[in-house]
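Understanding the architecture of this molecule
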Amino acid sequence: MTSNPFFEPSDLPYELPPFARIRHDHYLPAFERGMADQLAELTAIGACAEPATFENTVEAVERSGALLGRVRRVFFNKAASDMDEEIQALEGEIAPRLAAHDDALLLDAALFARLDALFAQRERLGLDEEQLRLLERHHTRRVRAGARLAPEQQGRLRVLNTEIATLSTEFHKNLHAATAAAALVLDSAEDLAGLPEDQIAAAAENANALGHEGKFVLSLKNFTSQTELAALEDPVLRERLLAASLGRGADTNGPIAVALAALRAERAALLGYPSHAAWEVADRTAGTTDAVEGLLRRLVAPAVSNAEREGDALARAAGVAEIRPADWQYYSERVRRERFDLDAAALRPYLELETVLHDGVFHAAGLVYGITFTERPDLVAYHPDARVFEVHDADGGPLGLYIGDFHARESKHGGAWMESLVTQSHLLGHKPVVVNNLNIAKPPAGDPALLTWSEVTTLFHEFGHALHGLFSDVRYPLLAGTQVPRDFVEFPSQVNEMWADWPEVLSHYARHHVTGEPMPAELPARLREAENFGAGFRMVEHEAAAVLDWAWHTLPADGDTPGEGDAEAFEAAALERWGLAVAAIPPRYRTGYFAHIFSSDYAAGYYGYRWAEVLDADTVRWFRENGKTIRESGEIFRRELLGKGGSVDPMEAFRAVVGRDAEIGPLLARHGLDG
């Protein structure tokens with residue numbers, strides 16, 4: 001297939017993949033040739049007759065796999081953001097083959113011997129800081145992958161990795177189907193009483209797109225507490241919506257979660273660790289399971305205490321003895337209106353997507369980092385909803401491309417995330433191409449997309465990941481952008497949320513979409529005050545998800561594991577054990593739809609959001625109190641941290657910015673929690 005667009009580098013600006021020419025039947029041949037090419041390249045490196053040097057071994061590895069990298073990044077972005085049956089079937093076929101391919105590379109004995117020899121003499125090789133870091137990362141990856149195991153152990157390891165990849169893909173497939181099946185189809189607009197008119201219109205548009213003309217469809221977001229629960233007036237409908245959210249995937253994915261946890265535990269034991277969590281954390285900034293558990297336990301008591309106070313206030317507002325889970329958000333919104341004179345729905349006319357994007361997100365990036373954005377309608381993305389922007393640096397020079405894909409659709413995963421389609425590398429001459437995916441309900445044609453405050457902060461958050469990729473300034477692809485420890489990667493994105501309500505930024509984008517009037521000056525202050533009411537709920541639901549992840553992945557290989565049908569009982573026992581069995585606050589994710597940990601790479605890593613938030617809250621304080629201008633502070637943050645990617649120790653990068661180790665006080669203060 002000589003015409004396969006993956007077979008040669010793209011000739012488009014920034015090597016943007018040529019989406020207009022990519023067809024489904026291009027993927028498999030590109031994967032097959034890409035895997036064969038890379039295997040041949042690394043086999044040749046391992047068989048090289050010359051003594052190992054940094055250039056002929058480590059740098060040569062970095063140059064390998066160009067074709068596979070191109071198709072891999074495009075395909076898995078497609079599978080996440082524009083899935084169809086053919087892509088889903090191909091994902092099921094290719095995932096285990098990729099797992100086997102990765103094992104073949106990481107466990108190649110000849111190549112590891114060369115890397116091991118270089119690693120042993122690394123201090124005498126005259127390497128610069130980035131070269132030394134690269135050598136250490138390549139060596140560590142292979143040791144952690146089992147390069148030192150005996151051949152029979154490696155054989156079992158390969159089987160485990162293939163089974164894990166297969167089950168993770170099956171989990172993903174099941175969740176996509178279960179989420180679609182759980183959508184609520186309603187007959188009339190009256191059923192949605194309480195929702196703003198534009199959200200009702202979006203539900204009608206969603207129904208039309210899904211083949212339910214004349215009806216209204218509430219599709220589920222990837223998390224538990226659906227945003228519509230705060231506004232729907234019908235308590236029966238609220239109960240139905242929450243039940244649909246909580247129940248999806250339980251029957252099909254519960255057994256898969258049990259099997260995945262057991263396979264991961266066995267793999268960890270084979271690699272010399274007491275649990276999958278111990279294996280994962282050993283290569284993260286936390287370092288030990290004790291450190292993770294210490295942070296989680298420190299936050300549980302104040303979070304539950306605050307949540308109980310909130311629950312009492314809600315029960316009084318509802319006139320009941322105890323608040324139901326499906327009613328929590330509804331009465332929380334009522335209390336906010338009464339106590340803080342703040343109606344969340346009243347904010348939405350001031351938060352129109354295009355204005356938030358251009359006059360908020362992009363404007364903040366200009367204030368802090370001096371960069372500018374120009375939409376490029378001449379460049380085609382992978383879906384009509386995805387838009388391409390060229391990014392220029394403060395000096396006008398080209399920085400990269402940013403693709404924004406903001407609207408929900410049936411073919412897209414729930415949630416929000418960032419992907420890299422081209423990874424920055426001075427070695428390869430690549431500038432970055434990054435994607436942000438969100439799931440904002442698409443309004444009828446010609447109508448504005450009005451956002452909730454949560455959607456605004458999500459947009460700023462994901463853009464923080466995009467900046468991490470765009471600002472990457474390293475030589476080697478393995479160290480570029482967001483390729484940092486899992487419990488550090490959320491830190492820059494969470495820092496970027498600060499600009500959403502920074503006065504100079506908020507006043508620039510929070511304008512009424514019809515009249516152009518600015519948001520009333522008192523609203524931001526009331527919003528910040530009201531945010532503290534609800535901190536207990538948010539912390540408890542997040543902590544509950546984190547400890548469920550932790551419970552699944554601290555299971556020992558030789559211990560008792562739950563039976564195939566016992567996922568729900570396992571969850572209940574874990575929450576009780578951690579003191580997080582708060583009846584009215586379900587976890588942010590339950591096992592059946594916890595895609596982060598069962599079909600993505602956050603296994604034993606969901607704690608990382610909170611771990612990174614300790615750094616984030618402290619860095620926000622630094623931005624506010626360091627005595628420098630925003631622009632000066634932005635340059636320091638970019639130069640010392642964002643631009644470094646994984647080329648330096650991440651905590652050293654943090655200390656280079658803030659000047660000391662992190663403190664937990666700002667995090668507790670942010671959430672209104674007592675220490």
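The text that follows walks through the structure, step by step, so that each part is easy to find.

Calculation notes
Residues numbered from 1 in each chain as written. Predicted model: local features only at pLDDT ≥ 70, side-chain atom pairs only at ≥ 80, totals over all residues. Heavy atoms only, no water. Salt bridge = Lys/Arg side-chain N within 4 Å of Asp/Glu carboxyl O. Helix = DSSP H or I, 4+ residues; strand = E, 2+ residues; numbered from the N terminus. Buried < 20%, exposed > 50% of the residue type's maximum accessible area, 1.4 Å probe, protein only. Phe/Tyr/Trp six-rings, centres within 6.5 Å; stacked < 30°, edge-to-face > 60°. Lys NZ or Arg CZ within 6 Å of the ring centre and 35° of its normal. Pairing = 2+ DSSP bridges. Axes fitted to C-alpha atoms, helices over the stretch in contact; angles between N-to-C directions. Contact = heavy atoms within 4.5 Å.

A few words on the pattern of salt bridges. Taken as a whole and assessed by the stated rule, the structure comprises 46 salt bridges. Close ionic contact of Glu228 with Lys221 constitutes a salt bridge, the shortest N to O distance being 2.5 Å. As a salt-bridge pair, Arg238 and Asp327 come within 2.9 Å of each other at their nearest N and O atoms. Of this pair, Arg238 sits in helix α9 (residues 235–247) while Asp327 sits in the loop between α12 (289–318) and α13 (328–340), and the two are 89 residues apart along the sequence. Judged on exposure class, the residue Arg238 and its partner Asp327 are both buried. One salt-bridge network, in which partners are shared between bridges, spans Asp385, Asp405, Arg409, Lys412 and Lys442.

With that settled, consider the packing of aromatic side chains. Here the structure, examined in full by the defined rule, presents 37 aromatic pairs. Relative to Phe75, the ring of Tyr27 lies with its centre 5.2 Å away and its plane at 70°, an arrangement referred to as edge-to-face. Linking Tyr27 in helix α1 (residues 24–47) with Phe75 in helix α3 (residues 66–81), this pair joins segments that are 48 residues apart in sequence. We note that Tyr27, like Phe75, is buried. Plain terms: the ring middles of Tyr606 and Tyr609 are 5.1 Å apart, the flat faces sit at 55° to each other, and that makes the pair tilted. Lying across the ring of Phe7, Arg33 places its NZ or CZ 3.7 Å from the centre. Above the plane of the ring of Trp578 lies Arg297, whose end atom (NZ or CZ) is 3.9 Å from the centre.

What follows concerns the sheet that holds strand β5 (residues 398–407). Here we have 5 strands laid out as an open sheet, ordered β3-β4-β5-β7-β6, and mixed in their pairing. A single partner strand is all that each edge strand has here, and the edge strands are β3 (372–375) and β6 (417–422). Geometrically, the sheet is characterised by an average inter-axis angle of 30° between neighbouring strands, direction not taken into account. The pairing of β3 with strand β4 (residues 387–392) spans 4 bridges and is antiparallel. Bridge assignment links Thr372 to a residue of β4, and that residue is His392. In the packing of helix α15 (residues 353–369) onto the sheet, the strands contacted are β3, β4, β5 and β7 (433–440), and the crossing angle to β4 comes to about 20°.

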